[in-house]
Amino acid sequence: MNDRNLMLFTLNASRAFGEMVSQKLGVSASEHEEREFEDGEHKSRPLVNVRGRDVFVVQSLYADTQQSVNDKLCRLLFFIGALRDASAGSVTAVVPYLCYARKDRKTQPRDPITTRYVASLFEAVGTDRVLALDVHNLAAFQNAFRCRTDHLEAKPLFVRYFAALLRSEEVVVVSPDVGGIKRAEQFRQALARATGKTVSSAFMEKQRSKGVVSGEAIVGEVKDKVALIIDDLISTGTTILRAASACRKLGAKKIYAAASHGVFVGAANEVLANEALDKVIVTNTIPPFRLVSEAARAKLEVLDAAPLFAAAITHIHTGGSIVDLLEV
């Protein structure tokens, strides 16, 4: 792609992913500065003229060994503010992983609705559009933002992967909780179309109270089938492992877990190494740097989401349809 009006910036913390997006777009990442001060403050600014340009900024909002989630969020917001002050024509925040998306409603008295507060911050600095992949709750995401939003799904990536791998197998798609049934059902339908075979479904009961998860029943038939557990993210891995262990007890032939975002915190190394799981598939919205266990890493497969984001940027810039990217 070669359009003089499009500009792509990738902040330092997401440089590796941003460069892959840049290569797929055929547009070089524009130069910028990120400067650190001794008291922990920082500044960032574009080093090229952005006046009137269609600007996209890549920053995935997860914590790493160098920056917290809040550091990355502030840096992205401040950079967007600098772009608007420099008269950018439009600014799209390209956020492969959106932080605070799980806190989208009140679950206890006087709880914050942090997703809405984050949305207000993006709007306050002049963000025109937010582009994200598989947020925790799509309805909450769409309702929280007053600026435009575009939502991508890793479903096409997972469908292509599993359609090639399991074409000759009998497959059941499992939601690890009731809240994920719709996501799992959409994936089941897409996989059935891609393979031309019947794909069954199942889900696991799950209750959570003050951080304690309970419930062990699987609704649906998994015996002698390959079970695909579908979720939006894997954090500690306990939700996935509960579902995998239940499927194993009921006689599932093989068990794969697929999630868009591999956060992998807490005891994820030990949990994912458990023999109940045969393989774990995620995208590269978050690098799997926290997985250091050889047993866990041996099960891990990382799919590249950069081409999907490059295609979305192209569609947004040229007035194309994002819906076309979601169809399988």
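What counts and what doesn't
- Residues numbered from 1 in each chain as written.
- Predicted model: local features only at pLDDT ≥ 70, side-chain atom pairs only at ≥ 80, totals over all residues.
- Heavy atoms only, no water.
- Helix = DSSP H or I, 4+ residues; strand = E, 2+ residues; numbered from the N terminus.
- Rg over C-alpha atoms; globule rule 2.2 N^0.38 Å.
- Buried < 20%, exposed > 50% of the residue type's maximum accessible area, 1.4 Å probe, protein only.
- 1 Å grid on protein atoms, 1.4 Å probe; cavity = no way out; pocket = protein on both sides within 12 Å on 5 of 7 lines; lining within 4 Å.
- Points joined across faces, edges and corners; volume = space filled by probe spheres on them.
- Core = buried A, V, L, I, M, F, W, Y, C linked by side-chain atoms within 4.5 Å.
- Contact = heavy atoms within 4.5 Å.
- Axes fitted to C-alpha atoms, helices over the stretch in contact; angles between N-to-C directions.
- Parallel < 35°, antiparallel > 145°, perpendicular 65-115°, else oblique.
- Left-handed = near helix turned anticlockwise from the far one by under 90°.
- Nonpolar A, V, L, I, M, F, W, Y, C, P; charged D, E, K, R; others polar.
- Pairing = 2+ DSSP bridges.
- Polar contact = N/O pair within 3.5 Å; in protein donor to acceptor, adjacent residues only side chain to side chain.
- Disulfide = S-S within 2.5 Å.
- Phe/Tyr/Trp six-rings, centres within 6.5 Å; stacked < 30°, edge-to-face > 60°.
- Lys NZ or Arg CZ within 6 Å of the ring centre and 35° of its normal.

Caption draft 1: Structural detail: the overall build of the protein chain. Summing up its helical and strand segments, the protein chain has eleven helices and 16 strands in all. What you see for the protein chain is a C-alpha radius of gyration of 20 Å, in line with the 20 Å of a compact globule of 328 residues. For the protein chain, the C-alpha atoms occupy an extent of roughly 60 × 45 × 40 Å along the three principal directions. In the protein chain, which comprises 328 residues, the proportion classed as buried is 53%.

Caption draft 2: The arrangement of empty space enclosed by the protein in detail. On inspection of all chains with the given rule, the structure shows one cavity of 30 Å³ or more. Each pocket or cavity is described by its volume, and for the largest cavity that value is around 70 Å³. Forming the boundary of the largest cavity are Phe162, Leu166, Arg167, Glu169, Val171, Leu191, Thr195, Lys197, Thr198, Val199 and Leu228.

Caption draft 3: Broad picture of the nonpolar core. In this structure, Val21, Leu152, Phe162, Phe187, Leu228, Phe309 and Ile313 are the most contacted members of the largest nonpolar core, which totals 45 residues. At seven residues, helix 10 (residues 306-318) tops the list of elements feeding residues into this core. In contact with Leu228, other than residues within four places in its own chain, are Phe162, Leu166, Val171, Val172, Val173, Val174, Phe187, Leu191 and Tyr256.

Caption draft 4: Representation of the packing of helix 1 (residues 15-25) against helix 10 in the model. Two elements in contact, helix 1 and helix 10, have axes separated by 8 Å at closest approach and are oriented at 55°. Taken together, the axis directions place helix 1 and helix 10 in an arrangement best described as oblique. Handedness of the helix 1/helix 10 crossing: right-handed. Facing Phe17, Met20, Val21, Lys24 and Leu25 of helix 1, the residues of helix 10 in contact are Ala306, Pro307, Phe309, Ala310, Ile313 and Thr314. Residue classes in the contact of helix 1 with helix 10 are distributed as nine nonpolar, one polar and one charged.

Caption draft 5: Main features of the sheet that holds strand 16 (residues 300-303). Read from one edge to the other, the open sheet built from seven strands follows the order 12-9-8-13-14-15-16, with strand pairing classed as mixed. Looking along the sheet, the strands with just one partner apiece sit at the ends: strand 12 (218-219) and strand 16. Sheet topology places strand 8 (residues 171-175) next to strand 9 (residues 200-204); four bridges connect them, and they run parallel. Across the sheet, the residue bridging to Val172 is Ser200, located in strand 9. In this fold helix 5 (residues 155-165) packs onto strand 13 (226-234), strand 14 (254-262), strand 15 (279-283) and strand 16, with an angle of close to 145° to the strand it touches most, strand 15.

Caption draft 6: Structural context of the layout of surface pockets. The volume enclosed by the second largest pocket comes to roughly 210 Å³. If you go around the second largest pocket, you meet 21 residues; those closest to its centre are Tyr97, Leu98, Cys99, Tyr100 and Arg102. The class makeup of the residues in the lining of the second largest pocket is 14 nonpolar, two polar and five charged.

Caption draft 7: Geometry of the sheet that holds strand 5 (residues 90-95). Pairing within the open sheet is parallel, and its five strands lie in the order 1-4-5-6-7. Both edges of this open sheet fall to strand 1 (6-10) and strand 7 (148-152), since each of them pairs with a single strand only. This sheet shows a mean twist of 20° between the axes of neighbouring strands, independent of strand direction. In the packing of helix 2 (residues 69-85) onto the sheet, contacts are made with strand 1, strand 4 (54-58) and strand 5, and the angle to strand 5 comes to roughly 165°. Here helix 10 sits on the sheet and contacts strand 1, strand 4, strand 5, strand 6 (129-133) and strand 7; the angle it forms with strand 6, its principal contact strand, is near 155°.

Caption draft 8: Representation of the environment of Asp111. Along the chain, Asp111 falls in the loop between strand 5 and helix 3 (114-124). For Asp111, a relative accessible area of 16% translates into the label buried. The residues contacting Asp111, other than those within four sequence positions of it, are Lys103 and Lys106. There is a polar contact of 2.8 Å between the side chain of Asp111 and the side chain of Thr107.

Caption draft 9: Expanded view of the state of the cysteines. Applying the stated rule across the entire model yields zero disulfides. Cysteine Cys99 shares no disulfide, and the gap to the nearest cysteine sulfur, in Cys74, comes to 9.7 Å. Not engaged in a disulfide, the cysteine Cys147 finds its nearest cysteine sulfur in Cys99; these two sulfurs lie 14 Å apart.

Caption draft 10: The packing of aromatic side chains, seen in detail. Inspection of the entire model under this criterion finds eight aromatic pairs. On the basis of an interplanar angle of 70° and a centroid distance of 5.2 Å, the ring pair of Phe9 and Phe79 is categorised as edge-to-face. Pair noted here: Phe9 is in strand 1 and Phe79 is in helix 2, with a separation of 70 residues, a long-range link. Since its relative accessible area comes to 0%, Phe9 is described here as buried. When the centroid spacing of 5.9 Å and the interplanar angle of 70° are considered together, the rings of Phe162 and Tyr256 count as edge-to-face. In this pair, Phe162 is assigned in helix 5 and Tyr256 in strand 14, connecting sequence segments 94 residues apart. Feature note: the residues Tyr161, Phe162, Phe187 and Tyr256 constitute an aromatic cluster, connected by ring pairs. In this structure, Lys72 is placed above the aromatic ring of Tyr62, and the distance from its NZ or CZ to the ring centre is 3.6 Å.

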